[in-house]
Amino acid sequence: MDNDMLSSLLSDPEALQNAVKAVSGMLGGGAPPAASPQQQDYDPSSELMERALPVIGAVVQSGQSAVGPEKRALLGALKPFVTSEVAGQFDHAMRLVSMARMARAALEQFGHPSSAPDEGTQAL
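Procedures and definitions
Per chain, residues are indexed from 1 in the order of the written sequence. pLDDT decides what is reported in this predicted model: residues at 70 or higher carry local features, side-chain atom pairs at 80 or more are listed and counted, and totals for whole chains, interfaces and linings draw on all residues regardless. The side-chain values count all of the structure's non-hydrogen atoms but skip hydrogen atoms and water molecules. Note on terminology: a nonpolar core comprises buried Ala, Val, Leu, Ile, Met, Phe, Trp, Tyr and Cys residues joined through side-chain atoms within 4.5 Å. Only protein chains enter the accessibility calculation, which uses a 1.4 Å probe. A residue is then buried if its area is under 20% of the maximum for its type, exposed if over 50%, and partly exposed in between. By the criteria applied, helices consist of DSSP H or I runs no shorter than four residues and strands consist of E runs no shorter than two, each listed in order from the N terminus. Within the patch definition used here, like charges are joined within 9 Å and nonpolar side chains (Val, Leu, Ile, Met, Phe, Trp, Tyr) within 5 Å, considering only residues with over 30% relative accessible area and no salt bridge. The protein chains shown are the only cover counted for residues, whose accessible areas, like all others here, come from Shrake-Rupley with a 1.4 Å probe. By definition, a salt bridge exists where a carboxyl oxygen of Asp or Glu is found within 4 Å of a side-chain nitrogen of Lys or Arg. This count recognises Lys and Arg as positive and Asp and Glu as negative, with His and chain-terminal groups excluded. Charge placement uses NZ in Lys and CZ in Arg. For Asp and Glu, CG and CD serve respectively. For every element, the axis is a line fit to its C-alpha atoms; helices are fit only across the contacting stretch, and the angle between N-to-C directions ranges from 0 to 180 degrees. Two helices cross in a left-handed way if the nearer one is turned anticlockwise from the farther one by less than a right angle. They cross in a right-handed way if the turn is clockwise. Contact definition: two residues touch when any of their heavy atoms are within 4.5 Å. In this classification, the charged set is Asp, Glu, Lys and Arg, the nonpolar set is Ala, Val, Leu, Ile, Met, Phe, Trp, Tyr, Cys and Pro, and all remaining amino acids, among them Gly, are polar. Residue-level confidence of the predictor is what pLDDT reports, using numbers from 0 through 100.

Counting 6 residues, the largest nonpolar core is built from Ala66, Val67, Leu75, Phe90, Met94 and Val97. With 3 residues, the top contributor of residues to this core is helix 5 (residues 84-109).

Our focus in this paragraph is a negative patch on the surface. On the surface, Asp12, Glu14, Asp41 and Asp43 cluster together into a patch of negative charge. Here aspartate 43 is to be found in the loop between helix 2 (13-26) and helix 3 (44-64).

Moving on, we get to the packing of helix 3 against helix 5. Contact geometry for helix 3 and helix 5: axes closest at 7 Å, N-to-C directions at 145 degrees. The chirality of how helix 3 crosses helix 5 is right-handed. Contact residues: Val55, Ala58, Val59, Val60, Ser62 and Gly63 in helix 3; Ser98, Arg101, Met102, Ala105, Ala106 and Gln109 in helix 5. A per-class count over the contact of helix 3 with helix 5 returns 7 nonpolar, 4 polar and 1 charged.

So, on to the confidence of the model for the protein. Interpretation of this model should avoid reading the predicted coordinates in detail wherever pLDDT is low. Put simply, the protein has an average pLDDT of 74, and 66% of its residues get 70 or more. Across the protein, the element-wise mean pLDDT spans from 63 in helix 1 (residues 3-11) up to 89 in helix 4 (residues 69-78).

The next point concerns the environment of alanine 87. Within the secondary structure layout, alanine 87 lies in helix 5. As a C-alpha pair, alanine 87 and glycine 76 span 11 residues in sequence and 8.4 Å in three-dimensional space. Those residues in contact with alanine 87 that lie beyond four places of it in its chain are Lys79 and Val82.

Bringing the environment of alanine 15 into the picture now. Relative to the helices and strands, alanine 15 resides in helix 2. When the C-alpha atoms of alanine 15 and leucine 48 are compared, they prove to be 9.0 Å apart, with 33 residues separating the residues in sequence.

Our focus in this paragraph is the pattern of salt bridges. For the coordinates displayed, the defined rule picks out 2 salt bridges. A salt bridge links aspartate 91 to lysine 79; the nearest nitrogen and oxygen atoms lie 2.4 Å apart. Of this pair, aspartate 91 sits in helix 5 while lysine 79 sits in the loop between helix 4 and helix 5, and the two are 12 residues apart along the sequence. The partly exposed category is assigned to aspartate 91, whose relative accessible area is 26%. Taking relative accessible area as the criterion, lysine 79 reaches 27% and is therefore assigned partly exposed. Glutamate 108 is the salt-bridge partner of arginine 104, the closest N and O atoms lying 3.9 Å from each other. With arginine 104 and glutamate 108 both in helix 5 and 4 residues apart, the pair spans about one turn of that helix. Owing to a relative accessible area of 16%, arginine 104 belongs among the buried residues under this scheme. Judged by its relative accessible area of 40%, glutamate 108 falls in the partly exposed class.

Written as structure tokens, this is what we have:
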């Protein structure tokens, strides 16, 4: 997937919304939108989506696996025993780690391997 494809996906709100729905469907958030049988016209965005969805799915999956389930459960179990501010920091830290892992995975998808593969974005 090249930068032009991603740019065109991000600049077209309808295509981006369809991508989000499809990825959500792949991850269990609902069924992906079905193609209407009467549509016979060539739609270049459908080709873009076919090529982009596996990449988007891989990036999202890497973010979801950034924090191991054992550590997520441990942090969740600790929340009742810490202040709400600290509990919020736990959530914020897990989101940041997930976002960093997703960013690294996205860069790798575009052919920009990180120089230090596990530095800074190790799975927690």
